Amino acid sequence: MEFLQNGTARRRNRRWPDEVKARIVAETLLPGASVSSVARRHGITANHISSWRGRAKRGDLVLPAPETAMEFASLVLGSSSQPSVSEPLASYPTEIS
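All values derive from a computational prediction rather than experimental measurement.

## What about the nonpolar core?
Residues Trp16, Ala22, Ile24, Val25, Val35, Val38, Ala39, Ile44, Ile49, Trp52, Ala56 and Leu61 constitute the largest nonpolar core, which totals 12 residues. At the level of secondary structure, the elements contributing two or more residues to this core comprise helix H1 (18-28), helix H2 (35-42) and helix H3 (46-58). Apart from the residues within four sequence positions on either side, Leu61 is in contact with Asp18, Lys21, Ala22, Val25, Trp52, Arg55 and Ala56.

The structure is reproduced here in structure tokens:
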């Protein structure tokens, strides 16, 4: 009878620092990235990264600041010929052709 040595083929659970988890999660948020491709690149399961994404969503894992500058669209407010929600439509002339 042959016995396998304990510990030769033993799989160890890795411990990931929060900074590394946050960086990996941030990679999944880039345009065109998928959780499965990022997971393969880092040698972990997509479910693992999904749980880290859940932690980030709840605020338990702080993500790094984005590398690209954020841009906001400007909003131009002006007069409108459309009636406001508070005004009844009957007060505006109706044209039927």
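Let us keep going from here.
## Let's talk about the pattern of salt bridges
Within this structure, the stated rule accounts for 5 salt bridges. Of the charged contacts in the structure, one is a salt bridge between Glu27 and Arg23, with a shortest N-O distance of 3.4 Å. With Glu27 and Arg23 both in helix H1 and 4 residues apart, this pair spans about one turn of that helix. Since its relative accessible area comes to 16%, Glu27 is described here as buried. The exposure class assigned to Arg23 is partly exposed, which follows from its relative accessible area of 42%. Notably, a salt bridge pairs Asp60 with Arg58, separated by 3.3 Å at the nearest N-O pair. Residue class for Asp60 comes out partly exposed when judged on its relative accessible area of 45%.

What counts and how
Residues numbered from 1 in each chain as written. Predicted model: local features only at pLDDT ≥ 70, side-chain atom pairs only at ≥ 80, totals over all residues. Heavy atoms only, no water. Core = buried A, V, L, I, M, F, W, Y, C linked by side-chain atoms within 4.5 Å. Buried < 20%, exposed > 50% of the residue type's maximum accessible area, 1.4 Å probe, protein only. Helix = DSSP H or I, 4+ residues; strand = E, 2+ residues; numbered from the N terminus. Contact = heavy atoms within 4.5 Å. Salt bridge = Lys/Arg side-chain N within 4 Å of Asp/Glu carboxyl O.

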